[in-house]
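Descriptive analysis of the structure
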Amino acid sequence: MNTPAQDALPALAKTLTTAPGWNIGRDVVLLIGRENVPALVKLLLELGQNNIMCWPMDDGPRPDVPDTVVCVGSEIELSIRVLEMIGRYPGRASVQFMKDPGQEITTRICETFYGAINTLGGHRAAVYGSGRKWVKHGLSNLRRIHALPTFEMCRGIPRGTPAIVVSPGPSLSKNIALLQQCKGKALILAGSHSLSAMKRAGAPAPDVVLSLDAQKLSYHFRDYPIGSAGVLVLAATSDPELYELPARRVFTCGSNGQIDDWIYEGPTARLASGGSVSCSALELAHRWGCSPIILIGQDLSFAPSGQVYCSESDDAAFHAKADDAGVLRWTGASADQEAMCTAIAGTPEAPGQPAHTLPGYYGGVVTTNPQMSVYHHWFGLTAQTVKTVNATEGGVKIDNAEHITFAEAIEKYVSPRESVDFNDIFDHTIKSHKPRAFDRYYRMRDAIWATRRALAAREKAVGDESIYDAEMKLAEALEPIWFVSLFGQEAVQNSITDARLNADSAEGESRRLLELTAAWIEELDTTLLALRS
């Protein structure tokens, strides 16, 4: 690998910022190494490059670069800081190596960086598409959430208890029958999409069932005796219908990271997720002190036949096949899948996606899609710090995980354990929970009135100092109901970028956000009044 010399930096900076399709305000450059980084950063900033990150890859101090440049010190921090980016979504990204770390590390850095960019895209798409639904569901569920314990209140599971996360991938058919040997000795967790397969295969009821999506997933529970499961874990923004299910016990969580903090008035109920309910199940088990976390049915890819789910699933007929252009086309969707797709995209036919390949469990490569590639990246990063056993016996190979058969995992990690009464632990959590006094609706209405007054004062403000004071008071009034920005988060992110890049447009963007905020406040007030009635 040739690293750039000092005299080559001006040409390099120009090449990076004028690449075909490159947007200096939106796209992101990552610089690896320390040598010549301050000089290259200076040139990039002079050319208008907005998003710059660097990773010195040594133990030295932060490079002499402006505070606007994000510096990281590890793969995990790189992923986190990419996911924290604000403004318009970076349609393109570039890695520039100022030192040669070797082929293996180079490949890993690129996979981590571009994988995090893809994850950010998925997160942004989810927020833009579901933000309004999250707010409406969160408001509808508030009273129930205040009456129920959160998952983090459950603290009685013995540390080191093995956990098994059951997913409905094609390979689940190979080993689902072995779950019977694990009941009581390992904590069995399943996303709701796995329930039909578990019932059809005669598997024991899961100790934990998770349903965290805001979409209508009630069909996952059709004909399943949810009362036989230990506890149902629902997101604060889950479809309100799911809170009506006859579950024996219900815990809640914030499944959208800090976005859900407004519901709990703090971060303690956050359940980190890589975008999949299986990721959340692994995080839940880890937070409860379980180890190792054993994955089955976690193919994260399609079977050679194109099968998406295991044969025991209600959605077993669903298949994916790449056309001549490498675009995945879908067949065999159930009526329930088509109804959900219609609710999301306005059409019963799932849109085509580019086919990706990933390393296979048994070598070679397997076919997957961008979404599951993101999940694969998350599992690999998490397995660096959380002992993970991939006992799927098919699908992808997960970086940093142990790969053995499910029978071997049971013999090694589950059989030697003493039995645990998980239901008794869940009961204790329920009995010891003290529901909080509920006054959120009233406090939110107070905040709405305070925001209306602050908006009117900002409208009348004249002069920089007066405008600044008015906007500070508006920010203070909005703090208890900041989540109204989820009604139009795409507009917020775009305005942030546009105002940052062009000082002349800052006032116009500020005015636009004020108008949007006023509209969101009225929508929130209308929603609250309807719920209270």
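The structure contained in this document is the topic of the report that follows. Predicted model only: the values in this text are computed from it and were never measured.

With that out of the way, let us pick up the packing of helix H8 (residues 277–287) against helix H10 (residues 370–382). For the pair H8 and H10, interaxial distance at closest approach is 10 Å and the crossing angle is 15°. As judged from the angle between their axes, H8 and H10 are roughly parallel. In terms of crossing hand, the pair formed by H8 and H10 is left-handed. Of H10, the residues touching H8 (which contributes Ser278, Cys279 and Leu282) are Trp378, Phe379 and Thr382.

This part is about the nonpolar core. With 48 residues, the main nonpolar core has Leu187, Leu189, Val208, Trp288 and Phe426 as its most contacted residues. Per-element accounting of this core gives the leading share, five residues, to H8. Residues within four places of Phe426 in sequence aside, it is in contact with Cys154, Ile157, Leu187, Asp207, Val208, Gly230, Val231, Arg249, Phe251 and Trp288. Of all hydrophobic cores here, the second largest spans 45 residues; its members include Ala205, Leu242, Ala454 and Ile521.

Turning our attention to the environment of Gly169. Examined against the element boundaries, Gly169 turns out to sit in the loop between strand S5 (163–166) and helix H5 (172–175). Sequence-wise, Gly169 and Arg440 are 271 residues apart; in three dimensions their C-alpha atoms are separated by 41 Å. Not counting residues up to four positions away in its chain, the partners in contact with Gly169 are Gly297, Asp299, Val308, Tyr309 and Cys310.

To continue, consider the sheet that holds strand S7 (residues 208–211). Within a sheet, each strand pairs with its neighbour through backbone hydrogen bonds, oriented either parallel or antiparallel. If you trace the eight strands from one edge of the open sheet to the other, you get S9-S8-S7-S6-S5-S10-S16-S17, paired in parallel fashion. With partners counted over all chains shown, the strands left at the sheet margins are strand S9 (250–253) and strand S17 (402–403), one partner each. For strand S6 (residues 187–191) and S7, the ladder comprises three bridges, and the chain directions are parallel. Its bridge partner lying in S7, Ala190 is registered against Val209. Packing against the sheet, H8 makes contact with S5, S6, S7, strand S8 (231–235), strand S10 (293–296) and strand S16 (388–390), and its axis sits at approximately 135° to S7.

Once that is clear, we can look at the pairing of strand S12 (residues 327–331). Only one face of S12 is buried, namely the one carrying Leu328 and Trp330, since none of Val327, Arg329 and Thr331 on the opposite face is buried. Bridge count between strand S11 (residues 319–322) and S12: four bridges; the pairing is antiparallel. The residue bridging Ala320 from the neighbouring strand is Trp330, located in S12. As consecutive antiparallel partners, S11 and S12 are separated by four residues, and within that stretch Gly326 has a phi angle of approximately 80°, a positive value. As paired elements, S12 and strand S13 (residues 353–354) share two bridges and run antiparallel to each other. Its bridge partner being in S13, Leu328 is matched across the sheet by Gln353.

In this section: the packing of aromatic side chains. Each aromatic ring pair is specified by the distance between its two centres and by the angle formed by the two planes. In total, this model carries nine aromatic pairs according to the counting rule given. Aromatic pair Tyr361 and Tyr362: ring centres 4.8 Å apart, planes at 70°, arrangement edge-to-face. For Tyr361, a relative accessible area of 12% puts it in the buried group. Plain terms: the ring middles of Trp378 and Phe379 are 5.4 Å apart, the flat faces sit at 85° to each other, and that makes the pair edge-to-face. For the residue pair Trp378 and Phe379, the accessibility class agrees, reading buried in each case. One aromatic cluster is present, built from ring pairs that chain together Phe302, Tyr309, Phe318 and Trp330. Across from the ring centre of Trp449, 4.5 Å away, lies the NZ or CZ of Arg452, which sits over that ring.

As a further point, take empty space enclosed by the protein. Applying the stated criterion across every chain yields a total of one cavity of 30 Å³ or more. By volume, the largest cavity amounts to about 50 Å³. Around the largest cavity, the lining residues are Ser192, His193, Ser196, Tyr219, His220, Asp314 and Asp315. Residue composition of the lining of the largest cavity, by class: one nonpolar, four polar and two charged.

So, about the sheet that holds S13. Within the open sheet, the three strands sit side by side as S11-S12-S13. Their pairing is antiparallel. Of all strands in the sheet, those bounded by a partner on one side alone are S11 and S13.

Structurally, the position occupied by Ser94 is in strand S4 (residues 93–97). When near neighbours in sequence (up to four residues on either side) are disregarded, Ser94 contacts Leu16, Trp22, Val28, Val29, Leu30, Phe113 and Tyr114.

For the rest of this paragraph, the subject is the side chain of Glu75. Its location among the elements puts Glu75 in helix H3 (residues 75–83). If sequence neighbours within four positions are ignored, Glu75 has contacts with Trp55, Arg108, Thr112, Leu381 and Gln384.

Thresholds applied
- Residues numbered from 1 in each chain as written.
- Predicted model: local features only at pLDDT ≥ 70, side-chain atom pairs only at ≥ 80, totals over all residues.
- Heavy atoms only, no water.
- Axes fitted to C-alpha atoms, helices over the stretch in contact; angles between N-to-C directions.
- Helix = DSSP H or I, 4+ residues; strand = E, 2+ residues; numbered from the N terminus.
- Parallel < 35°, antiparallel > 145°, perpendicular 65-115°, else oblique.
- Left-handed = near helix turned anticlockwise from the far one by under 90°.
- Contact = heavy atoms within 4.5 Å.
- Core = buried A, V, L, I, M, F, W, Y, C linked by side-chain atoms within 4.5 Å.
- Buried < 20%, exposed > 50% of the residue type's maximum accessible area, 1.4 Å probe, protein only.
- Pairing = 2+ DSSP bridges.
- Phe/Tyr/Trp six-rings, centres within 6.5 Å; stacked < 30°, edge-to-face > 60°.
- Lys NZ or Arg CZ within 6 Å of the ring centre and 35° of its normal.
- 1 Å grid on protein atoms, 1.4 Å probe; cavity = no way out; pocket = protein on both sides within 12 Å on 5 of 7 lines; lining within 4 Å.
- Points joined across faces, edges and corners; volume = space filled by probe spheres on them.
- Nonpolar A, V, L, I, M, F, W, Y, C, P; charged D, E, K, R; others polar.

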